[in-house]
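Below, each chain spelled out in residue letters.
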Amino acid sequence: MARVEISQLEKSYDDSEVVRGIDIDIPDGEFVVLVGPSGCGKSTLLRMIAGLESVTDGEIRIGDTVVNDIAAKDRDIAMVFQNYALYPHMTVAENMSFALKLKGEAKPAIEQAVKRASSILGLDALLARYPKQLSGGQRQRVAMGRAIVRDPKVFLFDEPLSNLDAKLRVQMRSEIKELHQRLKTTTIYVTHDQIEAMTMADRIVVMQGGIVEQVGAPLELYDKPANVFVATFIGSPSMNLYSGTAEAGDGGLVMRTQEDVVMPLPSGRSDLAGRRIVYGIRPEDIVVGAGPGVVASISTIEPTGAETLLLCKVGSVNTVVVSRERVRLGPGDDISLIFPIERLHLFDEATGRRI
Ligand code: ADP
Ligand code: MG
C-alpha cells in the first residue's frame with residue numbers, strides 16, 4: 001500500500017505534448033479513476049506511473065520514493081490491461097504464479113498466494129484450465145488474479161472491462177469495487193466511460209487534452225462541475241446547455257437567448273446582468289408540464305422502461321428531458337418545461353468556467 005504523488009508531470013513525443021503538467025495526489029488506499037475522451041492522455045499517464053513510458057518532465061512518487069528512474073519491475077505495482085494478455089500455453093494457476101516464480105519466490109509462498117487470489121476471485125474450480133477454455137469474464141478475473149498474487153503497493157487498470165459485453169461489464173465493475181473494499185490497495189483505474197468512473201471511484205480525475213479539468217468525488221463533479229467540459233462529460237444523458245445574455249426582466253433576473261427564449265435566473269445573481277453566459281440544466285432535473293415554463297417542441301420519445309427520454313427543441317436548441325412518468329405525448333406536441341432554479345448550472349461563455 002502506498003500514496004502516489006504526481007507533480008507537474010509532462011510527456012512529449014517529438015514536439016507533441018500529450019500530458020501537459022498534471023498534479024494528482026492519491027492518498028494510500030484510495031480508488032482513483034482517470035476518465036476522459038479517447039486520446040486525452042490517460043494511458044500515457046498510467047504507463048508513466050507503471051514505468052512503461054519515460055517521463056519528459058515532472059515527478060512521480062510512490063510511497064516515499066521518486067520512481068522516475070526506477071525500472072517498471074522494481075516499482076512494486078501491478079497492471080491489468082484491456083487485452084488480458086494471458087499466456088495461452090499456461091493454466092490459470094500457472095498464469096497466476098508466473099510473476100512470483102520469476103521473482104524466485106519459494107514454492108509454498110507461491111502456492112499460498114495463488115490460493116488466496118483464486119479464492120478471492122472465485123477461480124478455485126478453474127485453476128487447471130487454459131485461457132482458451134475460459135469465458136471473457138473469467139479471463140479478466142485471471143488477469144486480476146495475476147495482479148493480486150503480487151500483493152503490490154498499487155494496482156493500475158487500463159480500461160480492463162472494454163472487451164466485455166454490457167452485462168458482464170456491470171458485474172465486473174462491482175467485483176473490482178468489492179475487491180478494493182477488501183484489499184484496500186491504492187488503485188488507479190483508467191476508463192473513457194463516465195458511468196464506470198461514477199460508480200467505482202472514491203475520486204475522479206477528469207482529463208482532456210493532456211490536462212486535468214477537475215478532481216473530485218463522483219457526486220461533487222455531478223453537482224458542481226467546474227466548467228462546461230466536465231458538466232457535459234459527467235452525467236448521462238448530457239446536461240442541456242443554452243447560451244444567452246443575463247438581463248433584468250419584469251419578474252427578476254433572466255437569461256435571454258439569441259432566439260428570444262427567456263429563462264429564469266436566481267434572484268441573488270444581479271452580478272451577472274449584462275454578461276454572456278451558458279445556462280445548464282440536467283435532463284433529470286427538468287420538470288414537465290404544470291404551469292408556465294419554457295416552451296419546447298417534442299421531436300422524439302424514447303421509453304426505456306424505468307424512465308422516458310423526451311428529445312425536444314427549445315427554439316432550435318436540442319434538449320433532452322428524462323421523465324419518470326409515463327407520458328401521453330408524441331412528436332410535434334408542445335410542452336412546457338420548468339427549470340428549477342436551485343438545479344441550474346451557470347458558466348461564463350468566454351472561459352467556460354462555472355460562475
Ligand atoms: P487515451 O488513453 O486517453 O486514449 P493515450 O494516452 O493513449 O490516450 O494517447 C494520448 C495521445 O498521445 C494521443 O494523441 C496519442 O496519439 C499520442 N500517443 C500515444 N502514444 C504515442 C507514441 N508512442 N508516439 C506518439 N504519440 C503517441
Ligand atoms: Mg488509453
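Worth saying up front: this structure is predicted, and the values here are computed from it rather than measured.

Rules used throughout
Residues numbered from 1 in each chain as written. Chains lettered and ligands numbered in written order. Predicted model: local features only at pLDDT ≥ 70, side-chain atom pairs only at ≥ 80, totals over all residues. Heavy atoms only, no water. Core = buried A, V, L, I, M, F, W, Y, C linked by side-chain atoms within 4.5 Å. Buried < 20%, exposed > 50% of the residue type's maximum accessible area, 1.4 Å probe, protein only. Contact = heavy atoms within 4.5 Å. Pairing = 2+ DSSP bridges. Helix = DSSP H or I, 4+ residues; strand = E, 2+ residues; numbered from the N terminus. Phe/Tyr/Trp six-rings, centres within 6.5 Å; stacked < 30°, edge-to-face > 60°. Axes fitted to C-alpha atoms, helices over the stretch in contact; angles between N-to-C directions. Near = heavy atom within 4 Å. Polar contact = N/O pair within 3.5 Å; in protein donor to acceptor, adjacent residues only side chain to side chain. Areas by Shrake-Rupley, 256 points an atom, 1.4 Å probe, with all protein chains shown as cover. Nonpolar A, V, L, I, M, F, W, Y, C, P; charged D, E, K, R; others polar.

A. Focus on the nonpolar core. Judged by nonpolar contacts, the single largest core of 46 residues is most densely connected at Met96, Met144, Ile176, Tyr189, Ile204, Val206 and Ile234. Discounting chain neighbours no more than four positions away, the residues touching Met96 are Val114, Ala117, Ser118, Leu123, Leu127, Val142, Gly145, Arg146 and Val149. Grouped together as the second largest cluster of nonpolar side chains are 28 residues, Ile49, Ile60, Val67 and Ile188 included.

B. Local environment of the sheet that holds strand β15 (residues 287–288). If you trace the five strands from one edge of the open sheet to the other, you get β15-β19-β16-β17-β18, paired in antiparallel fashion. Each edge of the open sheet carries a strand with a single partner, namely β15 and β18 (317–323). In this sheet, strand β17 (residues 308–314) lies alongside strand β16 (residues 294–303) in antiparallel orientation, the contact comprising six bridges. Bridge pairing links Glu302 to Leu309 in β17.

C. Geometry of the packing of aromatic side chains. In the structure shown here, the tally under the stated rule is eight aromatic pairs. Judged by centre distance (5.8 Å) and plane angle (35°), the ring pair of Phe31 and Tyr189 falls under tilted. Of this pair, Phe31 sits in strand β3 (residues 31–35) while Tyr189 is found in strand β8 (residues 186–191), placing the two residues 158 residues apart along the sequence. Since its relative accessible area comes to 0%, Tyr189 is described here as buried. With a centroid separation of 6.4 Å and an interplanar angle of 65°, the aromatic rings of Tyr242 and Tyr279 are classed as edge-to-face. In this pair, Tyr242 is assigned in strand β11 (residues 240–249) and Tyr279 in strand β14 (residues 276–281), connecting sequence segments 37 residues apart. Put simply, the rings of Phe31, Phe155, Phe157 and Tyr189 touch in pairs and so form one group of aromatic residues.

D. Region of interest: the sheet that holds strand β4 (residues 57–62). A sheet is described by the order of its strands in space; here four strands give the open sequence β2-β1-β4-β5, paired in antiparallel fashion. On the outer flanks of this sheet lie β2 (16–26) and β5 (65–66), each paired with one strand and no other. Pairing analysis gives two bridges linking β4 to β5, with the strands arranged antiparallel. Within β5, the position partnered with Ile62 by the bridge is Thr65. Taken strand by strand, helix α1 (residues 42–50) contacts β1 (4–13), β2 and β4, and its axis lies near 115° from that of β1.

E. Layout of the site of ligand 1. Taken together, Tyr13, Val18, Pro37, Ser38, Gly39, Cys40, Gly41, Lys42, Ser43 and Thr44 make up the full set of residues near ligand 1. One of the side-chain nitrogen or oxygen atoms of Lys42 is found 2.9 Å away from an oxygen atom of ligand 1. Out of a free accessible area of 570 Å², ligand 1 has 55% covered by protein chains. Per-element accounting of the shell around ligand 1 gives the leading share, three residues, to α1. For the shell around ligand 1, a count of residues per class yields four nonpolar, five polar and one charged.

Without other data, these values stay purely geometric and don't point to any function.
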